[in-house]
Amino acid sequence: TLLFIRRKLFKEIDYMLLFTFVCFFIISENLGKTEVIRAFLQELLKKNALLTSVGTSQIISNVPAAVLLSGFTEDWKALLQGVNIGGLGTPIASLASLITLKFYLAHKDAKILKFLCVFTVVNIIGLAILILFTLINWILHSLKSGCFCIFYNNTQYNIYEVQKMKFRNTAFRIIFRLIGFLYKH
């Protein structure tokens, strides 16, 4: 009935934007079937699912990235955090950013280079802040649960061993003292 009642509505739909988003899903589906890319993504996800999903979102948008990567990892928390955070960054990272860019370009005095520079800088700063807060949250959660471990010189140390270690690097000493303080409180 919508077709007969509101025909004008169908003329207002941005079919190119819709087509672009559908293409993101087609590309992500095909990437997931390519063995070389599949193995590469699985290896990256094993190392760091959060950063892998953030990075993938910058290339194929965050929703198709979630669909693509979900078949390669069991670390669903890091994946979901990564694709949500990954909505910031490049204009491709989120469909909303593409819509914003389209609206901006509709103005006669639009300066795309200036827009992209400002947009990208602001979004990268926001992305970095969100990644930092997420990592701090993980550390605090790990400390509270008592399972916080540090990898140093290819060796894993739990929080008790870290507090006893003597580091030559001043930055390491400060960071690990802070971690020890947070763990005690």
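Provided above is the structure to which this section pertains.
Residues numbered from 1 in each chain as written. Predicted model: local features only at pLDDT ≥ 70, side-chain atom pairs only at ≥ 80, totals over all residues. Heavy atoms only, no water.

*Asks:* Before we move on, can you summarise the overall build of the protein chain with the specific residues and values?
*Replies:* When its secondary structure is counted, the protein chain shows 11 helices and 2 strands. Taken from the N to the C terminus, the helices and strands of the protein chain come in the order α-α-α-α-α-α-α-α-α-β-β-α-α. When the 185 residues of the protein chain are sorted by exposure, 30% land in the buried category. (Helix = DSSP H or I, 4+ residues; strand = E, 2+ residues; numbered from the N terminus. Buried < 20%, exposed > 50% of the residue type's maximum accessible area, 1.4 Å probe, protein only.)

*Asks:* Account for the packing of helix 5 (residues 49-60) against helix 6 (residues 62-70), naming residues and giving values.
*Replies:* At a closest axis distance of 7 Å, the pairing of helix 5 and helix 6 adopts a crossing angle of 125°. Between helix 5 and helix 6, the angle falls in the class oblique. The interaxial crossing formed by helix 5 with helix 6 has right-handed handedness. On helix 6, the residues touching Thr52, Ser53, Thr56, Ser57 and Ile60 of helix 5 are Asn62, Pro64, Ala65, Leu68 and Leu69. Along the lines of polarity and charge, the residues of the contact of helix 5 with helix 6 split into 5 nonpolar, 5 polar and no charged. (Axes fitted to C-alpha atoms, helices over the stretch in contact; angles between N-to-C directions. Parallel < 35°, antiparallel > 145°, perpendicular 65-115°, else oblique. Left-handed = near helix turned anticlockwise from the far one by under 90°. Contact = heavy atoms within 4.5 Å. Nonpolar A, V, L, I, M, F, W, Y, C, P; charged D, E, K, R; others polar.)

*Asks:* I'd like a description of helix 8 (residues 95-105), backed by residues and values.
*Replies:* Those residues of helix 8 that sit buried are Ser97, Leu98 and Leu101. Buried residues of helix 8, viewed axially, fall in a sector of 100°; they line one side. (Arc of directions from axis to C-beta.)

*Asks:* Give me the lowdown on the nonpolar core, citing residues and values where you can.
*Replies:* Core analysis: the biggest nonpolar cluster contains 16 residues, and Leu68, Leu69, Phe72 and Ile85 have the highest contact counts within it. Looking at this core, the elements that each hand over two or more residues are helix 4 (35-47), helix 5, helix 6, helix 7 (76-85) and helix 9 (112-145). (Core = buried A, V, L, I, M, F, W, Y, C linked by side-chain atoms within 4.5 Å.)

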